[in-house]
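These are the residues of each chain, in order.
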Amino acid sequence: MTQDQWLILTILTATVAMFLWGRWRHDMVAAGALLACVVVGLVPAREAFAGFGHPAVITVACVLVLSRGLQTSGAVDVLARTVLPAQSGRMLSLMALMGLGAFLSGFMNNVGAMALLMPVAIHLSQRLELTPGQVLMPLAFGTILGGMTTLIGTPPNLIVSGFRAETGPGSFAMFDFTPIGLAVALAGVLFVALIGWRLVPARKQSGIEGFESGAYITEVRVMEDSKAAGMRLREIENALADVDAQIIGLVQREVRIIAANSGRKVHAGDILMIEAEADALTDVLSILGLKLEEEVKPEKDALPEADAKADAAAAKDKKGKDADRAGKRDNGDGDGDGDDIEAAEAPLKSGDIVLMELAVLPNSPLSGRSASDILLRTRYGVNLLALSREGKRSMKRLRSMAIQSGDLLLMQGPPESISEFASDNACVPLAQRELRIPNKRKIWEASLIMLFAIGGAAFGLLPAAVSFAIGVLASMALRTVPPRAVYDAIDWPVIVLLGALIPVAGAMEATGTADLIARLLIENVAQGHAVVGLALILVVTMFLSDLMNNAATAAVMCPIAIGTAAALGVSPDSFLMAVAIGASCAFLTPIGHQNNTLILGPGGFRFSDYWKLGLPLEIIVVAVSIPLLLVVWPL
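Only a predicted model underlies this, so the values are computations on that prediction, with no experimental measurement involved.

Colleague: Any chance you could explain the side chain of H54 here in plain terms?
Modeller: Along the chain, H54 falls in the loop between α2 (26-39) and α3 (55-73). In this structure, H54 is in contact with G162, E166 and I502, ignoring residues within four places of it in sequence.

In structure tokens:
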């Protein structure tokens, strides 16, 4: 062995040991490995950060952004309601949930798909009379399996494709992973849904992320195209029963009706007063096509003259405050009333708004005042969407309900405006809610952008990185992902890890270390048998992926897989595909994949609970994938 080989092996061994120790974040360890290679001369300084421009890294970042667009538009919520059966047994429900998770993971970040479907899984566990963990673990494994079906499904696939491009044959196409990935995913989903879920320990959940804030009272308007238009109250209540929402009042023709007869027909333009948990509001709006009352822009003629004047005065007062804060004065001619009224009626820009919960403190000036008194929209540019008052229920309209200390307010607006409102009125921000208010236009836009980005890459019209980068630009232009949220959508530790480890993997190849390891494996284990070598690469990759980040595992194993194939005199494609499959199958521990970590707390799991379902599932993956690899990607 040469000195460079000893150096890279020492750095690689230390890196893997640090990954397993878990004391430092994966991106920190990867950055340390890269810098160590630069310091000892294994990676030229001018090429140290070339990995961050690698197509795989760019594609991963872009897919994360496009995934955020699908999440926030409500597209996934609509798909979930359409696909998942409302009334079915355990096996069919689990199969549908896992199938949906696997499908979504094929085209968006699988961690995002898992996060979106977790509330659905927890609700489903209650209906099926299972513990949350008995549904969450199958869902987590389903989303992991689905990621291996397409090029963009998971970072390891992109890394494998990048290594193939560097060896000469060119990168893998969008659906080159589908024949084997789909077969493995189908086998895994069927096994878990039919038999495997019984192997999941029935643990009590140790807590769900977030906090209980009680039921909110909110107002929703029945629109012309709403399914609720023409329905009777009892039919609406039945439709909302699954999301634990109830109707507590009705406003028809500006008349408030308390305890309305269940046979009363609801018409377009009516307002329903609904009591529901904050997390259920998305379903309440989506199921029947309702719209939050505060989001419905009032017609100018509908505003009473007194209210219009008050709004204009409030807007003028707000404008004056803002000018004073900026140290500016309005020296323009004219009375400016038209500008004031226009400012009062300016709608919120949907791309710049968030939903945040505020608690009203005892000394708040809001006590005893209503949203109408405060003129929230005109003074601060925010909406009061709902109010929660533990143990008490008011039959007043939301806008006229007197706020009390201890109330929780669900506010909508720009984050700086909500912060200003909270500061001025002695309120404490509790949490920013990921409440996805359905928007049909945004759903279509986000879905079409993703479809065209995938099509551009799948049909070879553009390189994957370029195609998805164009998709990101379109998302920003159409505001399916607001420009200010683009960088928040990217999982930067993963980007740093990938960008740092790609040059390290290149150093393994350049020094001949990958070939050295490959020869050792062939001579001492495979003994010249290509099929045994293929199975060995797959099993070793799966083992490493259970203990360290799957992207890091792929970056480490790709050079070894290529070297093994070269030593055996066979095509490297089947060996690279084995790495892609193995890196995507981390089922034995909670640390191998982020989706496994996500369910650790909500499922009440222990470290040793995962292998009980994970081990037989990994055996099935090996049994299904090896024969298919030999057929689809012959040696």
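Text resumes after the structure shown.
Colleague: Is there a simple way to explain the pairing of strand β2 (residues 246-252) in this structure?
Modeller: Each regular strand shows side chains that alternate between the opposite faces of the sheet. Among the 7 residues of β2, 6 are classified as buried, and the element is accordingly described as predominantly covered. The pairing of β2 with strand β4 (residues 271-277) spans 5 bridges and is antiparallel. Pairing of Q246 across the sheet is with E275, part of β4.

Colleague: Where do I start with the environment of M411 in this structure?
Modeller: With respect to the helices and strands, M411 occurs in strand β8 (residues 408-413). Taking C-alpha positions, M411 is 9.0 Å from L387, a pair spaced 24 residues apart along the chain. Beyond its immediate sequence surroundings of up to four residues, M411 is in contact with V354, L355, M356, L358, L376, V382, N383, L384, I418 and F421.

Colleague: I'm lost on the nonpolar core in this one. Help?
Modeller: Nonpolar side chains in soluble globular proteins tend to end up buried together. In terms of nonpolar packing, the biggest core is built from 139 residues, with F141, F468 and L629 touching the most fellow members. Not counting residues within four places of it along the chain, the set of residues in contact with L629 comprises I180, L534, S574, M577, A578, I581 and P634. Judged by nonpolar contacts, the second largest core, of 27 residues, contains V222, L250, I257 and L272.

Colleague: It is not clear to me how the pairing of strand β7 (residues 383-388) should be interpreted in this structure. Could you clarify?
Modeller: Summarising burial for β7: 6 of the 6 residues are buried, a large majority. Bridge count for β7 against β8 is 5 bridges, and the pairing is antiparallel. Each bridged residue has a counterpart across the sheet, and for L387 the counterpart in β8 is L409.

Colleague: What exactly am I supposed to notice about the pattern of salt bridges here?
Modeller: Once the charged atoms of two side chains with opposite charge are near each other, the side chains can pair. Taken as a whole and assessed by the stated rule, the structure comprises 5 salt bridges. Among the salt bridges present, the one from E416 reaches R484, with a minimum N-O distance of 3.9 Å. Pair noted here: E416 is in helix α16 (residues 415-424) and R484 is in helix α19 (residues 483-489), with a separation of 68 residues, a long-range link. For E445, the salt bridge identified is with R441, shortest N-O distance 2.7 Å. One end of the pair is E445 and the other is R441, both in helix α17 (residues 440-458) and 4 residues apart, which spans about a single turn. Given a relative accessible area of 15%, E445 falls into the buried group. Overall, R441 belongs to the partly exposed group, its relative accessible area being 48%.

Colleague: When you look at the environment of A458 in this model, what are you seeing that I'm missing?
Modeller: Mapped onto the elements, A458 comes out in helix α17. With relative accessibility at 25%, the residue A458 sits in the partly exposed group.

Colleague: I keep staring at the packing of aromatic side chains and nothing clicks. Help me out?
Modeller: Where two aromatic rings form a pair, the distance of their centres and the angle of their planes describe that pair. Counting across every chain of the model gives 6 aromatic pairs. Pairing F141 with F587 gives two aromatic rings, centres 4.8 Å apart and planes at 55°, and the pair type is tilted. Taken together, the residues span a long stretch of sequence, with F141 in helix α7 (residues 132-146) and F587 in the loop between α24 (572-583) and α25 (594-598) at a distance of 446 residues. Under the relative-accessibility criterion, F587 is labelled buried at 0%. Measuring from centroid to centroid gives 5.5 Å for F172 and W633, while their planes differ by 75°, and the two rings are edge-to-face. Residue F172 is located in the loop between α8 (155-167) and α9 (178-194), and its partner W633 is located in the segment after α26 (611-632); the two are separated by 461 residues in the primary sequence. W633 carries the same exposure label as F172, and that label is buried. What links up through ring pairs into an aromatic cluster is the set F172, F177 and W633.

Rules of the game
- Residues numbered from 1 in each chain as written.
- Predicted model: local features only at pLDDT ≥ 70, side-chain atom pairs only at ≥ 80, totals over all residues.
- Heavy atoms only, no water.
- Helix = DSSP H or I, 4+ residues; strand = E, 2+ residues; numbered from the N terminus.
- Contact = heavy atoms within 4.5 Å.
- Buried < 20%, exposed > 50% of the residue type's maximum accessible area, 1.4 Å probe, protein only.
- Pairing = 2+ DSSP bridges.
- Core = buried A, V, L, I, M, F, W, Y, C linked by side-chain atoms within 4.5 Å.
- Salt bridge = Lys/Arg side-chain N within 4 Å of Asp/Glu carboxyl O.
- Phe/Tyr/Trp six-rings, centres within 6.5 Å; stacked < 30°, edge-to-face > 60°.

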